[in-house]
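Below are the chains, spelled out letter by letter.
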Amino acid sequence: TKRQIEIFDFYNMSVISNHVRILGAISIVFEDFIAEVKNKMKCEKLVVLPSSIHEVIVEPYNGNVDISVYTEMVQSVNNECVPDTEILLDKAFII
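Please read these numbers as outputs of a predicted model, since none were measured by experiment. (Residues numbered from 1 in each chain as written. Predicted model: local features only at pLDDT ≥ 70, side-chain atom pairs only at ≥ 80, totals over all residues. Heavy atoms only, no water.)

Could you clarify how one ought to interpret the pairing of strand E2 (residues 14-18) in this entry?
On a regular strand, each side chain points to the face opposite its neighbour's, so the side chains alternate between the two faces of the sheet. Counting buried positions over the five residues of E2 gives five, a clear majority of the element. What you see with E2 is no split at all: Ser 14, Ile 16 and Asn 18 on one side and Val 15 and Ser 17 on the other are buried throughout. (Buried < 20%, exposed > 50% of the residue type's maximum accessible area, 1.4 Å probe, protein only. Helix = DSSP H or I, 4+ residues; strand = E, 2+ residues; numbered from the N terminus.)

Where do I start with a nonpolar patch on the surface in this structure?
On the surface, a nonpolar cluster with roughly 280 Å² of combined accessible area is contributed by Val 20, Ile 22 and Leu 23. Its place among the elements puts Val 20 in the loop between E2 and helix H1 (31-41). By relative accessible area, which is 47% here, Val 20 ends up partly exposed. (Patch = residues over 30% accessible without salt bridge, like charges linked within 9 Å, V, L, I, M, F, W, Y side chains within 5 Å. Areas by Shrake-Rupley, 256 points an atom, 1.4 Å probe, with all protein chains shown as cover. Salt bridge = Lys/Arg side-chain N within 4 Å of Asp/Glu carboxyl O.)

For this particular structure, what's the right way to read the nonpolar core?
By size, the foremost hydrophobic cluster in this structure holds 12 residues: Ile 16, Ala 25, Ile 28, Phe 33, Ile 34, Val 37, Met 41, Cys 43, Leu 46, Val 48, Val 56 and Val 58. Going through the elements one at a time, H1, strand E3 (46-50) and strand E4 (56-60) are the ones with two or more residues in this core. With four residues, H1 is the single largest residue contributor to this core. Look past the residues within four positions of Val 56 in its chain and what remains in contact with it is Ser 14, Val 15, Ile 16, Ala 25, Ile 28, Val 48, Leu 49, Pro 50, Ser 51 and Leu 88. (Core = buried A, V, L, I, M, F, W, Y, C linked by side-chain atoms within 4.5 Å. Contact = heavy atoms within 4.5 Å.)

Here it is as structure tokens:
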């Protein structure tokens, strides 16, 4: 499976999906791929914001922000922007 990473300069966040951006959130389960992302982002831990079944957003996690803040962001976006059939999770998590 071909995977794609997009790096945004804004807040050092990355969108992880597949090359067609359909059902691409599964990419987060590939350990070698996540190790590559961590290496590229120069971090040991990532906070994962599941944005939909199609993609997840990750950013380096340094422990300065409580995970509940990220979870609130995920829940807000899910409630306002994501169709019910495309919601992946309602909580952020750290890997």
